[in-house]
Amino acid sequence: MKIIVTSIFVQDQDKALKFYSETLGFIKKHDVPTGEFRWITLVSPESQEGTELLLEPNNHPAAKEYQKKIYAEGIPATMFGVEDVHKEYERLLKLGVKFTMEPTKMGELTLAVFDDTCGNLIQIIQN
């Protein structure tokens, strides 16, 4: 068994697709109409056959409440690995990304947290 798709709730699929592809650099793998919404997945450019990230509409009241509460508590919705947190932090700052936590060393890890403009906090971690 392996993880093939993981999802993140988003307030607006088009806005999320733009942010996750143009700003973060993920590659769109699927964009399929599914009624009112779309099945949109992205992959890492370094692992195009790897785990897909689904941009899941938060139209269900439970999804909206979950997303709102973890955001308010400062809890990242997911974590992405980067080679150099400081370099990625500087790159994203130049693109206008708002960080809630600058690169911070925690034990042997260095991480930072930013707002994805779609209702989530995202943690990046150097791996």
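Refer to the preceding data block for the structure.
Source: prediction; values computed, not measured.

Scoring rules and cut-offs
- Residues numbered from 1 in each chain as written.
- Predicted model: local features only at pLDDT ≥ 70, side-chain atom pairs only at ≥ 80, totals over all residues.
- Heavy atoms only, no water.
- Buried < 20%, exposed > 50% of the residue type's maximum accessible area, 1.4 Å probe, protein only.
- Helix = DSSP H or I, 4+ residues; strand = E, 2+ residues; numbered from the N terminus.
- Pairing = 2+ DSSP bridges.
- Phe/Tyr/Trp six-rings, centres within 6.5 Å; stacked < 30°, edge-to-face > 60°.
- Arc of directions from axis to C-beta.
- Polar contact = N/O pair within 3.5 Å; in protein donor to acceptor, adjacent residues only side chain to side chain.
- Salt bridge = Lys/Arg side-chain N within 4 Å of Asp/Glu carboxyl O.

(A) Summary view of the pairing of strand 7 (residues 109-115). When you tally the buried positions in strand 7, you get six out of seven residues, the bulk of the element. The loop that links strand 6 (residues 99-106) with its antiparallel partner strand 7 comprises two residues; one of these, Gly 107, has a positive phi angle of about 65°. In this sheet, strand 8 (residues 121-126) lies alongside strand 7 in antiparallel orientation, the contact comprising five bridges. From the neighbouring strand, Asp 115 faces strand 8, where its bridge partner is Leu 121.

(B) Expanded view of the packing of aromatic side chains. A complete count under the given rule lists seven aromatic pairs for this structure. For the ring pair Phe 19 and Tyr 20, a centre distance of 5.6 Å and an interplane angle of 80° mean the geometry is edge-to-face. Tyr 20 shares its class with Phe 19; the two are buried. Taken together through their ring pairs, the aromatic side chains of Phe 19, Tyr 20, Phe 26, Phe 80, Tyr 89, Phe 99 and Phe 114 make up a single cluster.

(C) Representation of helix 3 (residues 85-94) in the model. Buried within helix 3 are the following residues: Val 85, Glu 88, Tyr 89 and Leu 92. One face of helix 3 carries all of its buried residues, which in axial projection span an arc of 105°. Turned more than 90 degrees away from the buried face of helix 3, the exposed residues are Lys 87 and Lys 94. The backbone nitrogen of His 86 lies 3.0 Å from a side-chain oxygen of the residue at the head of helix 3, namely Asp 84. Among the residues trailing helix 3, Gly 96 stands out with phi positive, at a value near 90°.

(D) Broad picture of the environment of Gly 96. Note on placement: Gly 96 falls in the loop between helix 3 and strand 6. Sequence separation between Gly 96 and Ile 8 is 88 residues; the distance between their C-alpha atoms is 21 Å.

(E) Representation of the pattern of salt bridges. Using the criterion set out here, one finds seven salt bridges in the structure. Glu 65 is the partner of Lys 69 in a salt bridge, and the nearest nitrogen-oxygen pair spans 3.5 Å. Of this pair, Lys 69 and Glu 65 both sit in helix 2 (residues 61-72), separated by four residues, roughly a single helical turn. Judged by its relative accessible area of 51%, Lys 69 falls in the exposed class. On the basis of relative accessibility, which here comes to 38%, the residue Glu 65 falls in the partly exposed class. Among the ionic contacts, a cluster of salt bridges with common partners joins Asp 14, Lys 28, Asp 31 and Arg 38.

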